[in-house]
Amino acid sequence: MPKPDAAKAAEAQRVQQVQQRLAAAKTTRDLRKADAEFDFWADVAAAIDRGEVKQTEACEAIDYKREYVRRQLIEHRAQAAARAKTDTTD
């Protein structure tokens, strides 16, 4: 027996609400991952900048190749500068 139009509409609305909730959850997850990645590279950069470890020693500790770490630190510093610029203009 086919569903009446009202039941189909209610089901479609329910599915749409769940899809929106899941899309929002994915967005939140992606933002948290980006923030965690930023924080990680901030810690690595700070340890190197303070002279606590050399870059090669940091690479050994986090098990990444030196060139990858170098590129990530460049990207991190650019992101940090962009965030600082954004924070001061708000």
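Residues numbered from 1 in each chain as written. Predicted model: local features only at pLDDT ≥ 70, side-chain atom pairs only at ≥ 80, totals over all residues. Heavy atoms only, no water.

So, on to the packing of aromatic side chains. Tallied over the full model, the rule gives four aromatic pairs. With 4.9 Å between their ring centres and 50° between their planes, Y64 and Y68 make a pair best called tilted. With a relative accessible area of 37%, Y64 lands in the partly exposed category. A residue is classified by how much of its surface remains accessible, and Y68, at 28% relative accessible area, is partly exposed. What links up through ring pairs into an aromatic cluster is the set F40, W41, Y64 and Y68. The lysine or arginine in question, R83, covers the ring of F38, its NZ or CZ lying 3.8 Å from the ring centre. (Phe/Tyr/Trp six-rings, centres within 6.5 Å; stacked < 30°, edge-to-face > 60°. Buried < 20%, exposed > 50% of the residue type's maximum accessible area, 1.4 Å probe, protein only. Lys NZ or Arg CZ within 6 Å of the ring centre and 35° of its normal.)

Direction vectors running N to C along helix α1 (residues 5–49) and helix α2 (residues 55–62) enclose 145°, while the axes themselves pass 9 Å from each other. Considering the relative orientation of α1 and α2, their crossing is right-handed. Contacts between α1 and α2 involve F40, W41, V44 and I48 on the former and, on the latter, Q55, A58 and I62. (Axes fitted to C-alpha atoms, helices over the stretch in contact; angles between N-to-C directions. Helix = DSSP H or I, 4+ residues; strand = E, 2+ residues; numbered from the N terminus. Left-handed = near helix turned anticlockwise from the far one by under 90°. Contact = heavy atoms within 4.5 Å.)

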